Amino acid sequence: MSADQSPKIVIVDESPIRAAILQEGLREAGYTGVVHISEMQSLLSRIYALDPDIILIDLENPSRDVLEQMFQVSRAVRRPVAMFVDQSDAASIQASVDAGVSAYIVDGLKKERIKPILDLCVSRFNAFSKLQDELARTKSALEERKVIDRAKGILMKMKGLTEDEAYVLLRSTAMREKKRIGEIAQSIITASEMLK
Amino acid sequence: MSTALHIGFIPLVDAAALIVAVDKGFAAAEGLDVTLAREVSWSNVRDKLNIGLFDAAHLLAPVAIASSLGVAHVKVPILAPFNLALNGNAITVSLALHAAILDELDGDRFDPMATARALARVVALRRKNGQEPLTFAMTFPFSTHNYQLRFWMAAGGVDPDEDVRLVVLPPPFMVDSLASGQVDGFCVGAPWNSVAVDRGVGHIVHFVSDILIRAAEKVLAVRQNWAERHPDTLAGLIRATQRAADFIEQADNRDEVVALLAQPERVGVDSDLIRRTLEGRLKVSPDGTMRESGNYLLVGREHASRPDPAQAAWLYAQMVRWGQAPFSGEALKMAMSVFRPDLYESALKTSAQPAAAGAIGAFTGPAFDPDDIAGYLQSFKVSRQAR
């Protein structure tokens, strides 16, 4: 690999969405040679066939231990690999472990060249976790909407209320009981099922 | 007021003492509020311990030594003041390889020398027939599994780096890989050997206690600088873990221990497999053949919990034999000082116990002498040692 050429990067990640987010980030930053591996069978032979300069792997992946084999001097390992941990740069490894990503580099690649890639990785991984949290929140908000709608239906039927009246009743009860509307709605559903 | 601790572990039966110490309330009784974090890779456990996300960890004994020596990775001095388990691994091979070994076997099938020589003949035959070399899996480059597998096959004349392929595979993938023919055999801890036998895809050829009578398997690992800053917390943790180890070894408590370990957020496998492991009574063949050994897995009995520096020396000698580390007297001293019987004894207020006779007890080769590692290593024909 010459100095001005873009290093070849392999992303090992079973999450296709996270890998895509990372891949896109790397492309935007001008790294063109990025390959994603999502299949963990024969991981090492796949990596050797691609012969990358940098390997990025998520920490939820048990196959991280497979990569550790590349540190060993053996016939199977073509180019010795090191993990990107700079003893003088504790903050950088801390940040990457916190974000959930780890980087392995092939011997000879300069530290200055891997640092921006790892930084990008960390920020994209963090962005992905945020996205996941938001998704989980949206999903639970949707679930709550469904529960409230069902509770409203029960109130309308049993007490002959309009939809608006049913909602007002739910809301005022929640305020009085210092609970969320969703919780009150859930207890109405549970109670009505018990009384069936 | 209690002290909060984060401790990492891998879901294996040999994390039992740690899990029971927490879930049975022994740690709380020492004023420790422990959160156990279940991890998916040894690399994660090592890194999180190294950078301080974990205060302590269930760790492969050789990883604690490699970390302290800075071999293949960042140098972070680690101490092992408690030995979580001795032995507990087994070597399992596919149905096809088992049949091939039995065809070539000249002797007792439980004699590791006989099976290793048979394996050598199978390897030679495959080469003659132009077949692919056999693939064996183990869990980590710095693992007892790696060294036990190498020790066994090398005794029969098989060079683990030249004659077969030796690969790292995460334990949960072992059985599938054996079933699909990706690997022909593996050395792994419980419960995975039993899972392979139960699924009818493998035979357990050896308990590792056939190969070495006593081998330090997993340790309770802490950073040296953490241990120095928190001596009382560490002593409390050692006492809680010892109490748990003693509890586990009492047969009356077996049901409770099995139930604690089988919880999904702990080891999370079938309780019958956990029971067989703790009893050292394993089904070794799909036809239902059982085998029992009092040495299969030692958690607390026979002074198993006391870290023995001679064990650390043996593990370091394996790193040297297989070219992972160069030999030096200084490194040997450093490796031995990772295992800290003094911290163990002072926490438990016990006096020094004599080291168990034949601390390693290998089935072949000279008796291990930490004071003459060079001489010991010279006696092995197959070696990757940098000379």
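Residues numbered from 1 in each chain as written. Chains lettered and ligands numbered in written order. Predicted model: local features only at pLDDT ≥ 70, side-chain atom pairs only at ≥ 80, totals over all residues.

K.L.:
Looking at this structure, I do not really get the overall build of chain B. What am I missing?
P.N.:
Scanning chain B for helices and strands turns up 17 helices and 13 strands. Computed over its C-alpha atoms, the radius of gyration of chain B comes to 20 Å, within 12% of the 21 Å expected for a compact globule of 387 residues. Across its three principal directions, the C-alpha atoms of chain B cover 70 × 45 × 35 Å. Among the 387 residues that make up chain B, the fraction classed as buried is 58%. (Helix = DSSP H or I, 4+ residues; strand = E, 2+ residues; numbered from the N terminus. Rg over C-alpha atoms; globule rule 2.2 N^0.38 Å. Buried ≥ 20, exposed ≤ 12 C-beta atoms within 10 Å, placed from the backbone.)

K.L.:
Looking at this structure, I do not really get the sheet that holds strand 2 (residues 32–38) of chain B. What am I missing?
P.N.:
The strands making up a sheet are joined through hydrogen bonds of the backbone, oriented either antiparallel or parallel. All names here are of chain B. Taken in spatial order, the six strands line up as 2-1-3-10-4-13 in an open sheet, and their pairing is mixed. In this open sheet, the two edge strands, each paired with only one partner strand, are strand 2 and strand 13 (297–298). Where strand 1 (residues 3–9) and strand 2 come together, seven bridges link them in parallel fashion. Counted as the bridge partner of I7 is L36 from strand 2. Lying on the sheet, helix 1 (residues 16–23) is in contact with strand 1, strand 2, strand 3 (56–60), strand 4 (78–87) and strand 10 (216–223); it crosses strand 2 at an angle near 135°. Against the sheet, helix 3 (residues 42–50) makes contact with strand 1, strand 3 and strand 10, and its axis sits at roughly 140° relative to strand 3, the strand it touches most. (Pairing = 2+ DSSP bridges. Contact = placed C-beta atoms within 7 Å. Axes fitted to C-alpha atoms, helices over the stretch in contact; angles between N-to-C directions.)

K.L.:
Sorry if this is basic, but what is going on with the interface of chain A and chain B here?
P.N.:
Note on interface size: it is often stated as the accessible area lost on association of the parts. Facing 24 residues of chain A, the contacting portion of chain B comprises 26 residues. If you list the elements that add at least two residues to the side of chain A that touches chain B, you get helix 3 (64–68) and helix 4 (90–99) of chain A.

K.L.:
I would appreciate a short explanation of helix 5 (residues 111–159) of chain A in the present structure.
P.N.:
Residues spaced three or four apart along an α-helix face the same direction, because each turn holds 3.6 residues. Taking 1.5 Å per residue as the helical rise, helix 5 of chain A with its 49 residues ought to reach 72 Å, and the 71 Å between its terminal C-alpha atoms agrees with that figure. Buried within helix 5 of chain A are the following residues: I114(A), I117(A), L118(A), C121(A), R124(A), F125(A), F128(A), I148(A), A151(A), K152(A) and L155(A). (Expected span 1.5 Å × (residues − 1).)

K.L.:
Just to check I follow, could you spell out the sheet that holds strand 5 (residues 90–94) of chain B for this structure?
P.N.:
Residue and element names in this part refer to chain B. Pairing is mixed in the open sheet, where five strands are placed in the order 7-6-8-5-9. Of all strands in the sheet, those with a lone pairing partner are strand 7 (165–168) and strand 9 (202–207), marking the two edges. Recorded for the sheet is a direction-independent mean angle of 25° between the axes of neighbouring strands. As judged from the four bridges shared by strand 6 (residues 135–138) and strand 7, these two strands associate in the parallel manner. The residue bridging F136 from the neighbouring strand is L166, located in strand 7.

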